[in-house]
Amino acid sequence: AAYLRGPSADHDLATDLQAALGQDAAARLLSARHRPMFALRELSVCVKNLTMDSKDKTELDKNIIALLEACEVCERIFSAPVPLVYTRHTSRFLTTWILLLPLAFWVSFANSWNQLAVIPSTALSSLFLFGIDELAVQLEEPFSILPLEIICAEIRTSTRELIQESLR
């Protein structure tokens, strides 16, 4: 999660890694050029050193490869954001459209007994459309709004439970 959040989360990452892996392993991981790749390679080495059936090792290795592919997809999303020009153009177009919306509503309400309904109709339409625009801006960079720390904590807890069960 910290890798996708950027350099601002490095301190928290270092603290978590030192607690989980120890000082030396955490330092090696933090100094790696590509941290996810380094961590998955180390995990793959650990799987090779396990004393278990080769079929189970192969399955674990397949899962590590799938995790690597998921990391690559996340990195592509993270490193290729929507250009700022698109966002600005969309916002400007939407603002112009909403400014002209009362003229379109006026025609619709011209034969009505209440032409003042144009004001709340325009306001309500604007609220929804600007809300959709804001959602689109948030979705352009999903890693800033996703609860990645909570997801990682759940995975960590589940993994520890599985390890404790297997040691019994």
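Fair warning: this is a prediction, and the values are worked out from it, not measured in the lab. (Residues numbered from 1 in each chain as written. Predicted model: local features only at pLDDT ≥ 70, side-chain atom pairs only at ≥ 80, totals over all residues. Heavy atoms only, no water.)

Q: Can you lay out the nonpolar core for me, pointing to particular residues and giving the numbers?
A: With 6 residues, the main nonpolar core is built from Leu13, Leu17, Ala26, Leu29, Ala32 and Phe38. Secondary-structure elements contributing two or more residues to this core are helix 2 (10–21) and helix 3 (23–31). When residues no more than four places from it in sequence are discounted, the contact partners of Ala26 are Leu17, Gln18 and Leu21. (Core = buried A, V, L, I, M, F, W, Y, C linked by side-chain atoms within 4.5 Å. Buried < 20%, exposed > 50% of the residue type's maximum accessible area, 1.4 Å probe, protein only. Helix = DSSP H or I, 4+ residues; strand = E, 2+ residues; numbered from the N terminus. Contact = heavy atoms within 4.5 Å.)

Q: Pulling in residues and values, what's your account of the side chain of Thr87?
A: Assignment of secondary structure puts Thr87 in helix 6 (residues 84–109). For Thr87, a relative accessible area of 14% puts it in the buried group. When near neighbours in sequence (up to four residues on either side) are disregarded, Thr87 contacts Val82, Val137 and Glu140.

Q: Report on the environment of Lys55, specifying residues and quantitative values.
A: Mapped onto the fold, Lys55 is located in helix 5 (residues 54–79). Taking relative accessible area as the criterion, Lys55 reaches 61% and is therefore assigned exposed. Lys55 sits 64 residues away from Ile119 along the chain, and the two C-alpha atoms are 69 Å apart.

Q: Which residues make up the packing of helix 4 (residues 35–49) against helix 5, and what values do they have?
A: Two elements in contact, helix 4 and helix 5, have axes whose closest approach is 10 Å; the angle formed by their N-to-C orientations is 175°. Comparing the axis directions of helix 4 and helix 5 gives the class roughly antiparallel. Side by side, helix 4 and helix 5 meet where Pro36, Met37, Leu40, Leu43, Ser44, Val47 and Lys48 of the first sit next to Lys57, Leu60, Asp61, Ile64, Leu67, Leu68, Cys71 and Glu75 of the second. Partitioned by chemical class, the residues of the contact of helix 4 with helix 5 number 10 nonpolar, 1 polar and 4 charged. (Axes fitted to C-alpha atoms, helices over the stretch in contact; angles between N-to-C directions. Parallel < 35°, antiparallel > 145°, perpendicular 65-115°, else oblique. Nonpolar A, V, L, I, M, F, W, Y, C, P; charged D, E, K, R; others polar.)

Q: Help me get a handle on the confidence of the model for the chain, residues and values and all.
A: When pLDDT is low, close inspection of the predicted coordinates is not appropriate. For the chain, the mean per-residue pLDDT works out to 82, and 94% of the residues sit at or above 70. Taken element by element, the chain is modelled with least confidence in helix 1 (residues 2–5), mean pLDDT 53, and with most confidence in helix 7 (residues 118–140), mean pLDDT 90. (pLDDT = per-residue confidence, 0-100.)

Q: Describe helix 6, with residues and values.
A: Here helix 6 is 26 residues long and its end C-alpha atoms lie 38 Å apart, about the 38 Å a rise of 1.5 Å per residue gives. The sharpest bend along helix 6 measures roughly 35° and falls at Leu100, with the proline Pro102 sitting one to four residues further on. For helix 6, the secondary structure elements touched by its buried residues are helix 7. (Expected span 1.5 Å × (residues − 1). Bend = angle between axes of the 7 residues up to and from the residue.)

Q: With reference to specific residues and values, describe a nonpolar patch on the surface.
A: There is a patch of nonpolar side chains on the surface, built from Leu50, Met52 and Leu60 and spanning about 220 Å² of accessible area. Judged by its relative accessible area of 33%, Leu60 is partly exposed. (Patch = residues over 30% accessible without salt bridge, like charges linked within 9 Å, V, L, I, M, F, W, Y side chains within 5 Å. Areas by Shrake-Rupley, 256 points an atom, 1.4 Å probe, with all protein chains shown as cover. Salt bridge = Lys/Arg side-chain N within 4 Å of Asp/Glu carboxyl O.)

Q: Run through the pattern of salt bridges, naming residues and quoting values.
A: Opposite charge on two side chains lets them pair, provided their charged atoms get close. Going through the model one piece at a time under the given rule, you end up with 2 salt bridges. Ionic pairing is found between Arg41 and Glu42, a salt bridge with its closest N-O pair at 3.9 Å. In this structure Arg41 comes out as partly exposed when scored by relative accessible area, which is 48%. Taking the shortest distance from any N to any O, the salt bridge between Glu59 and Lys62 comes out at 3.5 Å. Highlighted residues: Glu59 and Lys62, both in helix 5, separated by 3 residues, approximately one helical turn. Among the residues examined, Glu59 registers a relative accessible area of 41% and is labelled partly exposed.

Q: Quick one: what's the story with the packing of helix 6 against helix 7, residue by residue and with numbers?
A: Their axes nearest at 10 Å, the elements helix 6 and helix 7 cross at an angle of 160°. Classed by the angle they form, the pair helix 6 and helix 7 counts as roughly antiparallel. Our pair here, helix 6 against helix 7, has a crossing hand that is right-handed. Between helix 6 and helix 7, the residues in contact are Thr87, Thr90, Ser91, Leu94, Thr95, Trp97, Ile98, Leu101, Pro102, Phe105, Trp106 and Phe109 and Val118, Ser121, Thr122, Ser125, Ser126, Leu129, Phe130, Asp133, Val137 and Glu140, respectively. Classifying every residue of the contact of helix 6 with helix 7 gives 12 nonpolar, 8 polar and 2 charged. (Left-handed = near helix turned anticlockwise from the far one by under 90°.)

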